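Observations on chain architecture
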Amino acid sequence: TMAVATVNLRALTSWVGIARLFAVVLSCLAFSLVASTGRFEAPYGTWCMFTWCFCFIVTLLVLLLELLELYSMLPLSWDDFTSAFSMLAALMIFTSSVVFPSTFISSPCNTNLCARQAVATTASCLCFLAYAVEVSLTRAKPGDISSFLSTVPGLLKVFEAYVACLIFSLLDGYNGKPGLMWCVAVYSICFIFTLLIIVFTIGRCLTYIPCPLEKILVGYNFLALLMYLTATVLWPLYSFQGRSRPSSCGPNCWWNKCLGVTFLTIFNLIAYLVDLVYSTRMVFVRAP
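Everything quoted here is computed from the prediction, not taken from an experiment.

Counting its regular elements, the protein contains 9 helices and 0 strands. Order of helices (α) and strands (β) in the protein, N terminus to C terminus: α-α-α-α-α-α-α-α-α. Relative to its length of 288 residues, the protein is compact, with a C-alpha radius of gyration of 21 Å against a globular reference of 19 Å. In terms of overall dimensions, the protein has a C-alpha envelope of 70 × 55 × 35 Å along the principal axes.

Here we come to the UniProt feature "transmembrane region" (unreviewed entry) in the protein. According to UniProt, the positions carrying the feature "transmembrane region" (unreviewed entry) are residues 12-35, 47-65, 85-106, 113-133, 145-168, 180-202, 217-238 and 258-278. Strand forms 0% of residues 85-106 and helix 91%; the C-alpha atoms that close the span are 32 Å apart. Measuring from the first to the last C-alpha atom of residues 217-238 gives 31 Å, for a span that is 100% helix and 0% strand.

Note: α-helices contain 3.6 residues per turn, so residues at a spacing of three or four share the same orientation. Over its 27 residues, helix α4 (residues 78-104) extends 37 Å from the first C-alpha to the last, a length consistent with the 39 Å expected when each residue adds 1.5 Å. Across the 27 residues of α4, 19 count as buried, placing the element largely inside the fold.

Moving on to the packing of α4 against helix α6 (residues 152-170). Viewed as axis vectors pointing N to C, α4 and α6 meet at an angle of 40°, and their least axial separation amounts to 9 Å. The pairing of α4 with α6 is recorded here as oblique in orientation. The crossing of α4 and α6 is right-handed. When α4 is examined against α6, the residues S83, A84, M87, L88, L91, M92 and T95 are found in contact with a partner set consisting of L155, V158, F159, Y162 and L166. For the contact of α4 with α6, a count of residues per class yields 10 nonpolar, 2 polar and no charged.

Right, let's get into the side chain of D275. Note on placement: D275 falls in helix α9 (residues 254-284). For D275, a relative accessible area of 0% puts it in the buried group. Excluding its chain neighbours within four sequence positions, the residues that come into contact with D275 are P153, L156, K157, E160 and N221.

Cut-offs used in this document
- Residues numbered from 1 in each chain as written.
- Predicted model: local features only at pLDDT ≥ 70, side-chain atom pairs only at ≥ 80, totals over all residues.
- Heavy atoms only, no water.
- Helix = DSSP H or I, 4+ residues; strand = E, 2+ residues; numbered from the N terminus.
- Rg over C-alpha atoms; globule rule 2.2 N^0.38 Å.
- UniProt positions renumbered as here; feature names shortened; annotations may be inferred.
- Expected span 1.5 Å × (residues − 1).
- Buried < 20%, exposed > 50% of the residue type's maximum accessible area, 1.4 Å probe, protein only.
- Axes fitted to C-alpha atoms, helices over the stretch in contact; angles between N-to-C directions.
- Parallel < 35°, antiparallel > 145°, perpendicular 65-115°, else oblique.
- Left-handed = near helix turned anticlockwise from the far one by under 90°.
- Contact = heavy atoms within 4.5 Å.
- Nonpolar A, V, L, I, M, F, W, Y, C, P; charged D, E, K, R; others polar.

In structure tokens form, the structure reads like this:
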């Protein structure tokens, strides 16, 4: 017999559902307005359009699956998936909300085209707030670890992987320099392991690992923190050594890229530190 889909209206009327509806409408508004201008050249415009379209499609799919209660048929941890996606969407939309206006909106903004770009930017910012509200509403309460990716360490895993992707997009001119190549190795190794943790959690594969997983994660966070600490020192040391900022330095200038990687490395260092603190508390400090 075939399973009959039932309609669960709470998927749309709950606070999480309302936040998702706002995200769908606002992301659709953002990419529609930008598409109407015809100005979203590569690479930054293409990234922003992809972000709005991707978040619109996936969030709409999530709403439909929850409305028809079909998500239970999927071979994955639904709560972990939705928590990870909402965090990823918030980060992607935030990046687009910063990149798009800084790249495409010029001052003074007094044309019809610029007005549409400004409204699209506003819609993108509000869309980020909608996803941020969803993250806060679905975040696990202290002591609840039934859905790992909705806990603070789980959300930080998504943040760490995303920041690593941003670092990869800025890497340039590191070949032949052992110090910089070590930093790239750090970014790559930590990204791969963090991504595997996310994928295995969503796919419910971590339960098959015959080890005390929580303690392994604490050990991994400690090693990742040490590795990022070396990258935080070595990257700016070898990138800027004997090289000053060029007089004409545009968006694709090597100096700006190296500076961006430096700040993103510091962000991930802080993220792994907070991750280690929270993971240690969850494993070794039991709530009464």
